[in-house]
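Report on the structure
Given next are the chains, with one letter for each unit.
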Amino acid sequence: MTGKTHAAFGILLGTAYALNTPHDIGTSAVIIGTTGVFSILPDICHSGSKVGKEFKLLSRLINFFFGHRTITHSLLFMAVIAVVMTLLNIELTYIICALIGISSHIVLDMMTPRGVALFFPIDMKVTMPVTFKTGGVLDMSLATTFSVLTAYLIYTEMFHRTLDWIHL
Ligand SMILES: [Zn+2]
């Protein structure tokens, strides 16, 4: 799955989460941003990805020791992130964002033939019953669909807020 599709899905879920919990606009934006960033983070194990290019050395190290789509695409990784964020006293809302972002990434990668090592360190590839190629038509259309849905969510929210505001 391309980074674009991952980011689009993370942003969609982040938007849905932000709109379904009572937060001000600023916090909502941080929620959406955090979920979006964590939705592309697992691909740090792949040096050609956006995050991989950003953190080249770390990316090479992870790839060297674990390979692609192993530790950073696992339940173990989600647990480690949750523990580290808790130790850093990060608000629960953002820990939830991180977990939503990472799991959205893992779910999408499970739809590709390569699958993910969800139960790392157990060497077992997990895939969905139906899979499709990264960068193919379906991958691209998913990215578009997620973006359209996000725009729709924001649009309806603004519409309702405006109606409330003018007491209709
Ligand atoms: Zn991935």
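The text that follows walks through the structure, step by step, so that each part is easy to find. (Residues numbered from 1 in each chain as written. Predicted model: local features only at pLDDT ≥ 70, side-chain atom pairs only at ≥ 80, totals over all residues.)

Some words on the overall build of the protein
Condition: Counting from the N terminus, the helices are DSSP H or I runs at least four residues long and the strands are E runs at least two residues long. The size measure is the radius of gyration over C-alpha atoms, and the globule rule it meets is 2.2 Å times the number of residues to the 0.38 power. Here exposure depends only on C-beta density: within 10 Å of a residue's C-beta, 20 or more other C-beta atoms make it buried, 12 or fewer make it exposed, and intermediate numbers make it partly exposed, the C-beta atoms being placed from the backbone. By the criterion used throughout, residues are in contact when their C-beta atoms, derived from the backbone, lie within 7 Å.
Counting its regular elements, the protein contains seven helices and zero strands. Ordering the α and β elements of the protein from the N terminus gives α-α-α-α-α-α-α. For 168 residues, the compact-globule formula gives about 15 Å, and the C-alpha radius of gyration of the protein, at 17 Å, lands near that figure. Seen along its three principal axes, the alpha-carbon backbone of the protein occupies a region of about 60 × 40 × 30 Å. Residues counted as buried form 32% of the 168 residues belonging to the protein. Taking contacts inside the protein between residues at least 6 apart in sequence as the whole, the part at least 24 apart equals 58%.

Some points on the nonpolar core
Where we set the bar: To count as a nonpolar core, a set of buried Ala, Val, Leu, Ile, Met, Phe, Trp, Tyr and Cys residues must be joined through C-beta atoms within 7 Å.
If you look at the biggest cluster of nonpolar residues, it comprises 31 residues, and the most contacted ones within it are Ala8, Phe9, Leu12, Leu41 and Ile102. Elements that contribute at least two residues to this core include exactly helix H1 (3-19), helix H2 (25-40), helix H6 (92-109) and helix H7 (137-165). Sort the elements by how many residues they give to this core and H1 lands first, with seven residues. Those residues within four positions of Leu41 in sequence are excluded, and the remaining contacts are Val51, Gly101 and Ile102.

Side note on H7
Rules: One less than the residue count of a helix, multiplied by 1.5 Å, gives the span that helix is expected to have.
Look at H7: 42 Å from first C-alpha to last across 29 residues, which is about the 42 Å you get at 1.5 Å a residue. Taking burial as the measure, the 29 residues of H7 include two buried ones, a minor fraction of the element. Phi for His167, located one or two positions after H7, is positive at around 55°.

Remarks on the environment of His160
Here His160 shows up in helix H7. Sequence separation between His160 and Gly48 is 112 residues; the distance between their C-alpha atoms is 42 Å.

Some thoughts on H1
Between its first and last C-alpha atoms H1 spans 24 Å; for 17 residues at 1.5 Å apiece the expected length is 24 Å, and the two agree. Most of H1 is tucked away, with 12 of its 17 residues classed as buried. All buried positions along H1 are accounted for by Thr5, His6, Ala7, Ala8, Phe9, Gly10, Ile11, Leu12, Leu13, Gly14, Thr15 and Ala18. As for H1, its buried residues are in contact with H2, H6 and H7.

Examining the packing of H1 against H7
How two helices pack is summed up by the angle between their axes together with the distance between the axes. This is how it is decided: With axes taken as lines fitted to C-alpha atoms, and helix axes fitted only over the stretch in contact, angles between N-to-C directions fall between 0 and 180 degrees. Oblique is the label for any angle not covered by the other classes, which are roughly parallel (under 35 degrees), roughly antiparallel (over 145) and roughly perpendicular (65 to 115). Helix crossings get a hand from a simple test, with the near helix turned counterclockwise from the far one by less than a right angle marking a left-handed crossing and a clockwise turn marking a right-handed one. When residues are grouped by polarity, Ala, Val, Leu, Ile, Met, Phe, Trp, Tyr, Cys and Pro land in nonpolar, Asp, Glu, Lys and Arg in charged, and all others, Gly among them, in polar.
For the pair H1 and H7, interaxial distance at closest approach is 8 Å and the crossing angle is 20°. With respect to each other, H1 and H7 are oriented roughly parallel. Viewed along their axes, H1 and H7 form a crossing whose handedness is left-handed. Each of Lys4, Thr5, Ala8, Phe9, Ile11, Leu12, Thr15, Ala16 and Leu19 in H1 lies in contact with H7, whose residues at this interface are Asp139, Leu142, Ala143, Phe146, Ser147, Leu149, Thr150, Leu153, Ile154 and Glu157. When grouped by side-chain class, the residues that make up the contact of H1 with H7 number 12 nonpolar, four polar and three charged.

A few points about the packing of H1 against H6
Where H1 contacts H6, the two axes come as close as 9 Å, and the packing angle between them is 140°. Between H1 and H6, the interaxial angle falls into the category oblique. The handedness of the crossing between H1 and H6 is right-handed. Across from Thr5, His6, Phe9, Gly10, Leu13, Gly14 and Tyr17 in H1, the residues of H6 making contact are Cys97, Ile100, Gly101, Ser104, His105 and Leu108. Grouping the constituent residues of the contact of H1 with H6 by class yields six nonpolar, seven polar and no charged.

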